Amino acid sequence: MGHLEQVRSWFGRPLWEMEAADADAYFGRVMRRAPSGTRLARSQALRTYFTFLELRYQTELHAMTGRVVTCPVDEMNRPRGSKDAMLRIPPSEAEVTALFTGWAQELASCRKFAPSARNYTAARLMAEAGLRVNEARRLDLADIKWDLGRFGKLHVRHGKGSRGSGPRERMVPLINHAGRTLHWFIEDVWGQFGDDHTRPCAPLFPSERAGGRVGYDAVRAALAAAVAVHLPVWTDRLTPHVLRHFCASQLYLNGVDLISIQEMLGHAWVATTMRYVHVHRTRIEEAWLAAQQRAAQRLEGVT
């Protein structure tokens with residue numbers, strides 16, 4: 001229902017009054033820059049809603065209002081594409097190490113040390129702890145729970161909800177040296193932003209404006225610039241979400257089970273987690289090798 005509520009909020013009238021021109025305006029203008037998956041999901045929600053109306057209440061609505069209810073999303077104006085069409089192949093461990101090594105060396109001579117170190121730390125947290133960019137930028141200092149677990153944990157309060165359910169909270173362990181990265185940032189960098197660490201809701205990643213948080217675009221732009229300089233061999237897009245895929249892949253390669261990775265990344269379904277690690281899964285190769293071995297055993301002694 002979350003998608004329908006968003007459309008209804010924009011439309012300002014009962015949804016069954018929506019016509020093709022309204023859908024054109026919504027998907028062509030309002031949702032133009034939205035992620036393709038969001039546009040597709042919202043379009044499908046509308047089509048399902050109108051299918052229900054047409055099957056159950058079209059006659060009653062026509063008798064009451066004189067309007068023939070028809071779906072405003074047709075073959076001409078519906079968003080195209082597939083939500084799961086993009087295959088994200090993350091960089092190797094050596095490539096990510098080269099990226100962050102070069103980026104760290106750059107910090108020693110950069111013009112604005114504190115903002116650069118903040119962006120570097122946020123990106124490392126995505127690669128080490130699998131956070132989404134908005135989860136990282138909305139963290140507070142108080143969300144770091146150093147005394148929980150063996151390595152400390154992050155209280156992610158603004159995790160992505162499923163199907164419009166709202167933020168889903170989770171605790172993320174500071175493994176993969178994420179705790180060491182945060183210790184360095186808080187002890188050597190955070191104070192340079194001039195904020196008060198005792199202030200309620202003091203952001204972990206402040207903006208240069210007093211009391212503000214780093215913006216979504218600032219982190220993405222800094223990562224893109226660092227990739228261009230320190231990982232020029234990487235020709236695909238290396239976004240914050242690809243770093244999240246990298247984290248999941250490395251956990252899987254290091255023997256962490258899928259359920260644990262699912263819990264760390266905050267996925268509602270393990271099937272989603274499998275899409276993050278499928279590049280490194282070797283089930284098909286292992287099945288092929290087993291079949292070859294069985295064939296070889298059957299042919300033993302046959303000459």
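The numbers attached to residues start from 1 for each chain and follow its sequence in the written order. Per-residue local features of the predicted model are confined to residues with pLDDT of at least 70, and side-chain atom pairs are confined, for both listing and counting, to 80 or more; whole-chain, interface and lining totals are unaffected and use all residues. Here the side-chain values reflect all heavy atoms present in the structure, with hydrogen atoms and water set aside.

The next subject is the overall build of the protein. Secondary structure summary: the protein contains 13 helices and 3 strands in total. Compactness check: the protein gives a C-alpha radius of gyration of 25 Å against a globular reference of 19 Å for 303 residues, more than 25% above the reference. Oriented by its inertia axes, the alpha-carbon framework of the protein measures out at about 80 × 70 × 40 Å. In the protein, which comprises 303 residues, the share counted as buried stands at 39%. Residue exposure ignores everything except the shown protein chains as possible cover, and the areas themselves are Shrake-Rupley values with a 1.4 Å probe. Surface accessibility of the protein: about 17700 Å² in total, with carbon and sulfur atoms responsible for 53%. None of His or the chain ends enter the tally, which takes Lys and Arg as positive and Asp and Glu as negative. By convention, the charge on Lys lies at NZ, on Arg at CZ, on Asp at CG and on Glu at CD. Measuring between centres, the 41 positive side-chain charges of the protein sit 3 Å from its 31 negative side-chain charges. Comment: elements are numbered from the N terminus, with helices defined as DSSP H or I runs of at least four residues and strands as E runs of at least two. We compute the radius of gyration over the C-alpha atoms and compare it with the globule rule, which gives 2.2 Å times the number of residues raised to the power 0.38. Buried means the residue's accessible area, taken with a 1.4 Å probe over protein chains only, is under 20% of the maximum for its type, while exposed means over 50%, and partly exposed covers the values in between.

Quick look at the layout of surface pockets now. Cavities and pockets were defined on a 1 Å grid built over protein atoms only: a cavity is a set of grid points that admits a 1.4 Å probe from which the probe cannot escape, a pocket is an open set flanked by protein on both sides within 12 Å along at least five of seven lines, and lining residues are those with an atom within 4 Å of any such point. Grid points are joined across faces, edges and corners, and a volume is the space filled by probe spheres set on the points. Approximately 330 Å³ is the volume found for the second largest pocket. Around the second largest pocket, the lining comprises 14 residues; the ones closest to its centre are Glu93, Thr97, Glu128, Asn176 and Phe246. Of all the secondary-structure elements, those providing two or more residues to the lining of the second largest pocket are helix H5 (93-107), helix H6 (113-129) and helix H10 (240-253). Sorting elements by how many residues they give to the lining of the second largest pocket places H5 first, with 5 residues. Here the residues of the lining of the second largest pocket are counted per class, giving 5 nonpolar, 6 polar and 3 charged. In this count, Pro and Cys sit with the nonpolar residues alongside Ala, Val, Leu, Ile, Met, Phe, Trp and Tyr, while Asp, Glu, Lys and Arg are called charged and the others, Gly among them, polar.

With that settled, consider the confidence of the model for the protein. For the protein, the mean per-residue pLDDT works out to 86, and 92% of the residues sit at or above 70. Each residue gets a pLDDT score, which is the predictor's confidence in that residue and runs from 0 to 100. Considering each helix and strand of the protein separately, the mean pLDDT is smallest for helix H13 (residues 283-299), with a value of 79, and largest for strand S1 (residues 144-145), with 96.

Before going further, it helps to examine the packing of H5 against helix H9 (residues 216-230). Note on method: axes are straight lines fitted to C-alpha atoms, helices fitted across the in-contact stretch only, with angles between N-to-C directions ranging 0 to 180 degrees. Running from N to C, H5 and H9 point in directions that differ by 100°, and their axes come no closer than 9 Å. By the angle between their directions, the pair H5 and H9 is classed as roughly perpendicular. Every residue of H9 that contacts H5 at Ala98, Leu99, Gly102, Trp103 and Glu106 is listed here: Ala222, Leu223, Ala226, Val227 and His230. Orientation is classified from the angle alone, with under 35 degrees giving roughly parallel, over 145 giving roughly antiparallel, 65 to 115 giving roughly perpendicular, and any other angle giving oblique. The contact definition used throughout considers only heavy atoms, calling two residues in contact when any of these lie within 4.5 Å.

Okay, helix H11 (residues 258-265) next. Note on helix geometry: an α-helix contains 3.6 residues per turn, so any two residues three or four positions apart are oriented the same way. Those residues of H11 that sit buried are Leu258, Ile261, Gln262, Met264 and Leu265. One face of H11 carries all of its buried residues, which in axial projection span an arc of 165°. Along H11, the residues that are exposed and aim more than 90 degrees away from the buried face are Ile259 and Glu263. Summarising the contacts, the buried residues of H11 are in contact with H6, strand S3 (170-173), H10 and helix H12 (270-277). Polar contact is defined as a pair of N or O atoms within 3.5 Å, subject to the rule that within protein one atom must be able to donate a hydrogen and the other to accept it, and that residues adjacent in sequence are counted only when both atoms are side-chain atoms. Structurally, the start of H11 carries an N-cap: the backbone nitrogen of Ile259 is 3.1 Å from a side-chain oxygen of Asp257. Taken from the residues just after H11, Gly266 is the one with a positive phi, measuring 80°. When we speak of the arc, we mean the arc of directions from the helix axis to the C-beta atoms.

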